[in-house]
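# Structural overview
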Amino acid sequence: CGLLLSGTYVTFVVPNGPADFTAPDGARVDPKDQILSVDGSDVTAETVGLLLKGDDAPGTPVHIRVRKATWFGEVLEESVTLARAGSLCY
């Protein structure tokens, strides 16, 4: 398991889990980020967990688009590629 979610919002990133990763360009998933899409499919609170887990083998890349939580209320969108986990906590 790599992320704890409340709906489409990230509440916790498991340390050293598959989602605890920073790309060379600085992209990463952080608490309070909102997941907008997984592998190009828009998500809802009902579908985000299933789309993140997917049917692929653990370790398969998963591409997500997030709205970053910022101190100033800015809306910043970022694309992040993570390794698919075998399970997801939410």
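As the structure is a computational prediction, the values presented were derived from the model and not from experiment.

### Digging into the pairing of strand β3 (residues 34–38)
Counting buried residues along β3, five of its five residues qualify, which places the element largely inside the surrounding structure. Here β3 pairs with strand β4 (residues 41–42) via two bridges, running antiparallel. Bridge assignment links Ser37 to a residue of β4, and that residue is Asp42. As consecutive antiparallel partners, β3 and β4 are separated by two residues, and within that stretch Asp39 has a phi angle of approximately 50 degrees, a positive value.

### Quick word on the pairing of strand β1 (residues 3–6)
With burial as the criterion, only one face of β1 is covered, namely that bearing Leu3 and Leu5; the residues Leu4 and Ser6 on the opposite face remain uncovered. In this sheet, strand β2 (residues 9–13) lies alongside β1 in antiparallel orientation, the contact comprising four bridges. Looking across to β2, one finds that Leu4 is bridged to Phe12. Here β1 folds back onto β2, and the loop between the two strands holds two residues, one of which, Gly7, carries a positive phi near 65 degrees.

Procedures and definitions
- Residues numbered from 1 in each chain as written.
- Predicted model: local features only at pLDDT ≥ 70, side-chain atom pairs only at ≥ 80, totals over all residues.
- Heavy atoms only, no water.
- Buried < 20%, exposed > 50% of the residue type's maximum accessible area, 1.4 Å probe, protein only.
- Helix = DSSP H or I, 4+ residues; strand = E, 2+ residues; numbered from the N terminus.
- Pairing = 2+ DSSP bridges.

Keep in mind that these numbers describe shape and distance, not what the molecule does.
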